[in-house]
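The chain contents come next:
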Amino acid sequence: MAHTADSHAPQHHYTTTGLDNRKVAIWMFIGSECMLFASLISTYLIYKGKNVVGPLPHEVWTNPQTGQAMKAILNIPITSISTFVLLMSSFSMVMALAAVENRNKPRPANPAFWWKVENSSKLWLFMTCLMGATFLGFQAYEFTSFVHEGLTIRRNLFGSSFFTLTGFHGAHVTAGVIWLGTLLAIDMKRGLQPKDALWVDIAALYWHFVDVVWIAIFTLVYLIQ
Amino acid sequence: MATVAASPSYTTTGAPRYGIMDWLTTVDHKKIGTLYLHTALFFFVVGGVEAIIMRAQLIGPNGKLVSAEVFNQLFTMHGTTMVFLVIMPLSAAFFNFLIPLQIGARDVAFPRLNAFSYWVYLFGGLFITVPIFFNAAPDGGWFAYTPLTGREYSLGQNMNFWVLGIQILGISSLAAAFNFATTIINMRAPGMTLMRMPVFTWMSFVVQWLIILAFPVITIALFFLQFDRFFGTNFYAVSAGADPLLWQHLFWVFGHPEVYILILPAFGLVSEVLPTYSKKPLFGYAVVVYSGILIGFLGFGVWAHHMFAVGMGPIADTVFGLTTMLIAIPTGVKIFNWIFTMWGGSLRFTTAMKFAIALIAMFTIGGISGITHASPPSDLQQTDTYYIVAHFHYVLYGGAIMGIFAGIYHYFPKMYGRKMDERLGTWHFWLNFIAFNLTFFPMHYAGMLGMPRRIYTYDAGQGWETFNLLSSLGAFLMAPAFLLFAYNFMRSKKRGEVAGDNPWDAATLEWSIPSPPPEYNFAQIPMVTSRYPMWDLTHPERMEGVPHSMEGWDEAKRRTGEHVTTGGKHEADVAPMHIESERKTAKELGIPMPNPTIKPLWVAAGILILFSSLPVMYADKNAIAYLMMAVGGTMFVGFLYAWLTTPMEDPHH
C-alpha cells in the first residue's frame, strides 16, 4: 500500500475543455437559475401597477378602513445599505478564493499585518458569511415591518410577487451562507489547500451570481418607480 | 495492450445477473439506463390502460363506463404520464445508456447524481400515479390551466399531487440535464470534436439545454400555483387583478420547448438507425445538426401558438403564427435528409428500420396538420377539437414513440448481448402501425366535425359515431401489439440470438466494444478521426467524402504532455481507433470505477417525504406534516452530507 504523496488528491482527469466537470456544471446551473429569476422578475413587472388595494411600493395610497393617506412602502435608503453590504461580500469572496489559491506561496520571515490579513482565507470566508447574514437580517427586518404596515403575501399582487421574488433571492443567499459556512468549517478544521480551490471557486461563482441577481432586483423593484 | 483472442467470449453467456442491492446502489450509467427503460415501459402500460378505458367510454354515444370525474382524472393522467413518465424517461434511458458510449467516455460526469436523478424520477412518478387508486388523481388537464386548477375550483387534493409531482420530476430532469450536458461538453474522447459527435448525442445535447432553460420557468409557475393553493397568494386570482393568462404564458414557455424535449431524442435515434441500415453516411450531417439546434432555439419563440383562442390580439397572433411556420423549415430539412440518406442506399428492412421509416412518414403527417393550425384563423376552427388530439398523437406517438421503438430494437443487442426476435418484431411493427393509424387518423375527421376534446360522453346523431368506433377499435388493437413487444423484450433477454459486438454493422463508437459493454466501457479510449470511426475500420469504401483529420488529438496531447490520461493512469489508456472484444475486469485493467452507493436513493427518499408532507398539511393534519418535514429534511441533509463527504472512488495504489 505504497501511497504516493498525492494519491488522495482528486484524480486529474483529462477533460475536453481542460475545465473541471464541476466548473462546467455550475455555469449551466447558473444559466438555469437565470431563467428562474427571469420568470420571477417578469411576473413582478407584469403585475406592477395592477393592484386593486394597497400597500403600494412607490405610490401613496389611501387605507380604505381608516380613510388615512399611507406612504409608499419601500424604504430605499435602508435597502441601499443592505445592497452595499451584499456587494461588498463579493469583494471578500474574491479575497477568500485568492487566499486559498495562494496558500502555498512562500511566507515572508516577518509577515506584515496586512500580509496576514490578505492571506487569511478564514477571515475572508467569515466576512463573506457575516455580510450575507447581515443582508438577511435587513431582509428579515424589512419583511416584518412590511407585515406591520399591512403588506402580507396574501394582501395584493404586489405582496404576492414582491415577497416571492425577494424571498426566493433570500433563500438563495441563505443557501450560499450555509455553503460558505461549511467551507469555513472545513478551513478551520484542516485548512483549505490549493487543491480544494475549485470547491471555493464554484461557491464563489454561485455567490457572485446571487449578488448580480440582487443588482437586477434592487434596480427594477426599488429604484425604478 | 496484451492479446485479444485469448479471453472467453462474453456474449455467449448473456447479460450478467445482478441482485437487488446491485440495482439499488448502482452508479453505472448503463444499469441506470436499464432502470429508466423498465420503469418507463411500466408507466407506458399505466398510461396505455388509462387511454384504453377512455376509448372504451367513447366507443359509442352516451357511454356509461366511467363518471365525468373519473374521465377527467383519466385524460389528465394519460397526458401527464405519457409526457413526464414515459417519453422523457425513455429518452433518458437512451441518454444514460448511449451518451458515454457514443463519445468514448467511461461514465457520465457525475455518476452518483445520475443515480439520484433516477430515484427522484421513480418516486415522483409514484407520487403522481398512486392517487389514482384513491380516486384523487389530478383532474385539471396535463396543462393545468388556472383558474380551474386554483383552490376555488379544485378544492380537493387532486391538483396538489400534480403540482408537487411535476415539481419532483423537474428536480430529476434538471439534475440529469446538468449531468449529461457536462458529460457531452467535457468528456469526449480525443478527436471526438463537436461536429463528429453522433447525431443522437447532438440531439440529446440540444435537449439538455432545453431542459436547463425551460424547466425553471415551469418551476416558478408551479411555485405560484402551489402558493396560491396552500398560502392564499394572488398570482392567479383574477379578483385581485391578476392576469388570467399568466399561467398559460408561463406554462407554454416551458411547454413548447418540452415538445422538442420529447421529439428530438427520437430524431437522434432514427439518425443513427437510418444510416446503419442504408449502409450510407447520414446525408447532410452538418445540416441535420444545425437544424436540430435551430429547432431548439426557435422552440422558445413559438409558445403562444397554443393560445390563439384566448384573444391576444392581431400582432401577437401574427408573430407567433409566423415563428411557428418558420420552425417547419428545419424540421422539413431533417425529413429530407433522412429520405436522402436512404436514397441510393442498400436498405435492410429490419424492425428498427421499419420503425424509423414509420417515424418519417407519421411525423410528416403530424407536421403537416401542425402547419394547419400555425395560422390563427385556421386554428380557431381546430382548437380544442379532436383534430388537435390527432395532430399531437401523430407527432408524439407517430414521431417520438416510433423513434424510441426503433431505438430499442436497434440498441437491444448492445444492452443485453442478444437480438430481439425479428419475426415477432415485424408482427409488432405492423400491428402497432395499423392500430396507431386506426386510432388517430379518424380523430382528424371527428375533430373537423366539431367533436371537442376532453368530453366524457357525447350524444348520437352528430356524425361522430363511426370515427369514435374506429378510434376505439384501434386503441384496443394497440394492447396486443404492445404485449407482443413486451413478450419479445423479456424473452429475448434470455433466449434471443447471440448478437456479437456489432450485429448491425453500425458506424459509431458504441459498437466497437463488447455487448453488453463492460463496466468501464472502453479499456482504451479510442482516438477518433472521423464521424464514423467504426466504418473507418470495417467499411472504408463507405467513407468517401467523409472528412478525416487529427483535429482534437493534438490538443489533447498538448494539454497533458505525452501521457494522455483519459480517466486512467497510463499512456496505454488511449489508443488509435480499434475494436475491443476482450473483457477484463476494471481491477485487472487498473481503471478506477466509482463505488456503488445507496445514498442518492436516500436523498431522493428524503425529497419524497418532504413533498408528501404538503398534501398532509393541506388536509389540516399539521402535526403529522411537521413530523414528516422534520424526517424528510433530516434524511435529505444527512444523506446529502454523507454523499458529498464520501470520495467517489477508492484511492488508487
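Computed from a predicted structure; not experimentally measured.

Draft legend 1. Quick peek at the overall build of chain A. Each helix and strand in chain A was counted, giving 6 helices and 2 strands. Written out in order from the N terminus, the α and β elements of chain A read α-β-β-α-α-α-α-α. Over its C-alpha trace chain A gives a radius of gyration of 22 Å, far above what one expects of a compact globule, namely 17 Å for 225 residues. Residues counted as buried form 47% of the 225 residues belonging to chain A. If you take every contact in chain A between residues at least 6 apart in sequence, the share linking residues at least 24 apart comes to 74%. Separation between the mean location of the 15 positive side-chain charges and that of the 12 negative ones in chain A comes to 4 Å.

Draft legend 2. Region of the structure containing the side chain of Asp28 of chain B. Residue and element names in this part refer to chain B. Note that Asp28 resides in the loop between α1 (20-25) and α2 (29-57). Here Asp28 falls in the buried class, since its relative accessible area comes to 13%. Polar contacts involving the side chain of Asp28 include one to the main-chain amide nitrogen of Lys30, which spans 2.8 Å. Apart from residues lying up to four places away in sequence, Asp28 is in contact with Asp107 and Glu519.

Draft legend 3. Local environment of the confidence of the model for chain A. On average, residues of chain A carry a pLDDT of 90, and 94% of them reach 70 or more. In this model, residues 1-11 of chain A is a region of pLDDT below 50 whose contacts with residues beyond four sequence positions or in other chains number 14 contacts.

Draft legend 4. Representation of the packing of helix α8 (residues 285-298) of chain B against helix α10 (residues 328-342) of chain B in the model. Residues and elements named next belong to chain B. At a closest axis distance of 8 Å, the pairing of α8 and α10 adopts a crossing angle of 155°. Compared by their axis directions, α8 and α10 come out roughly antiparallel. Here the hand of the crossing between α8 and α10 comes out left-handed. In this structure, α8 uses Val287, Val288, Ser291, Gly292, Leu294, Ile295 and Leu298 to contact α10, whose residues at the interface are Pro330, Thr331, Val333, Lys334 and Asn337. Among the residues forming the contact of α8 with α10, the class breakdown is 7 nonpolar, 4 polar and 1 charged.

Draft legend 5. Layout of the packing of aromatic side chains. For the structure shown, the criterion picks out 82 aromatic pairs over all chains. Seen from their ring centres, Trp179 of chain A and Tyr206 of chain A are 5.4 Å apart, and the 45° between their planes marks the pair as tilted. Residue Trp179 of chain A is found in helix α5 (residues 157-190), and its partner Tyr206 of chain A is found in helix α6 (residues 197-223); the two are separated by 27 residues along the sequence. Using a relative accessible area of 5% as the deciding quantity, one classes Tyr206 of chain A as buried. Measuring from centroid to centroid gives 5.3 Å for Trp142 of chain B and Phe251 of chain B, while their planes differ by 70°, and the two rings are edge-to-face. Here Trp142 of chain B, found in the loop between α4 (111-129) and α5 (158-186), pairs with Phe251 of chain B, found in helix α7 (residues 246-278); they are 109 residues apart in sequence, far enough to count as distant. On the accessibility criterion, Trp142 of chain B (15% relative accessible area) is buried. For Phe251 of chain B, a relative accessible area of 1% puts it in the buried group. Through a chain of ring-to-ring contacts, the aromatic side chains of Phe44, Phe355, Phe405, Tyr409, Phe412, Tyr416, Phe429, Trp430, Phe433, Phe482, Phe485 and Phe489 of chain B assemble into a single cluster. Above the face of the Trp199 of chain A ring, Arg22 of chain A is positioned so that its terminal group lies 4.5 Å from the ring centre.

Draft legend 6. Helix α3 (residues 68-103) of chain B, seen in detail. All names here are of chain B. Given a rise of 1.5 Å per residue, 36 residues ought to cover 52 Å, and the 50 Å separating the end C-alpha atoms of α3 matches this to within 8%. Its axis deflected by about 35° at Thr81, α3 carries its strongest bend there. Burial runs high along α3: 32 of the 36 residues are buried. Two residues or fewer after α3 comes Gly104, characterised by a positive phi angle close to 75°.

Draft legend 7. Local environment of the environment of Thr219 of chain B. All names here are of chain B. Secondary-structure assignment places Thr219 in helix α6 (residues 199-231). Owing to a relative accessible area of 13%, Thr219 belongs among the buried residues under this scheme. Spatially, the C-alpha atom of Thr219 lies 25 Å from that of Ala109, the residues being 110 residues apart in sequence. A distance of 2.8 Å separates a polar atom in the side chain of Thr219 from the backbone oxygen of Phe215.

Draft legend 8. Summary view of the side chain of Asn156 of chain A. The residue Asn156 of chain A is located in the loop between α4 (121-148) and α5 in this model. For Asn156 of chain A, a relative accessible area of 1% translates into the label buried.

Draft legend 9. Summary view of the nonpolar core. With 253 residues, the main nonpolar core has Phe84, Trp162 and Trp247 of chain B as its most contacted residues. With 6 residues, the next largest nonpolar core counts Tyr520, Ala523, Leu589 and Met593 of chain B among its residues.

Draft legend 10. Focus on empty space enclosed by the protein. Residues and elements named next belong to chain B. Taken as a whole, this structure holds 3 cavities of 30 Å³ or more when the rule is applied. In this structure, the largest cavity spans a volume of roughly 180 Å³. In terms of lining, the largest cavity is formed by 18 residues, of which the most central are Met88, Pro89, Ala92, Ser172 and Ser173. Its residues assigned to classes, the lining of the largest cavity comprises 14 nonpolar, 4 polar and no charged. In this structure, the second largest cavity encloses a volume near 130 Å³. Along the walls of the second largest cavity sit 18 residues, with Ser271, Glu272, Pro275, Thr508 and Tyr532 positioned nearest its centre. Counting only elements with at least two residues in the lining of the second largest cavity, the list comes to α7 and α13 (386-416). Taken together, the residues of the lining of the second largest cavity break down into 12 nonpolar, 4 polar and 2 charged.

About the criteria used
Residues numbered from 1 in each chain as written. Chains lettered and ligands numbered in written order. Predicted model: local features only at pLDDT ≥ 70, side-chain atom pairs only at ≥ 80, totals over all residues. Heavy atoms only, no water. Helix = DSSP H or I, 4+ residues; strand = E, 2+ residues; numbered from the N terminus. Rg over C-alpha atoms; globule rule 2.2 N^0.38 Å. Buried < 20%, exposed > 50% of the residue type's maximum accessible area, 1.4 Å probe, protein only. Contact = heavy atoms within 4.5 Å. Lys, Arg positive; Asp, Glu negative; His and termini not counted. Charge placed at Lys NZ, Arg CZ, Asp CG, Glu CD. Polar contact = N/O pair within 3.5 Å; in protein donor to acceptor, adjacent residues only side chain to side chain. pLDDT = per-residue confidence, 0-100. Axes fitted to C-alpha atoms, helices over the stretch in contact; angles between N-to-C directions. Parallel < 35°, antiparallel > 145°, perpendicular 65-115°, else oblique. Left-handed = near helix turned anticlockwise from the far one by under 90°. Nonpolar A, V, L, I, M, F, W, Y, C, P; charged D, E, K, R; others polar. Phe/Tyr/Trp six-rings, centres within 6.5 Å; stacked < 30°, edge-to-face > 60°. Lys NZ or Arg CZ within 6 Å of the ring centre and 35° of its normal. Expected span 1.5 Å × (residues − 1). Bend = angle between axes of the 7 residues up to and from the residue. Core = buried A, V, L, I, M, F, W, Y, C linked by side-chain atoms within 4.5 Å. 1 Å grid on protein atoms, 1.4 Å probe; cavity = no way out; pocket = protein on both sides within 12 Å on 5 of 7 lines; lining within 4 Å. Points joined across faces, edges and corners; volume = space filled by probe spheres on them.

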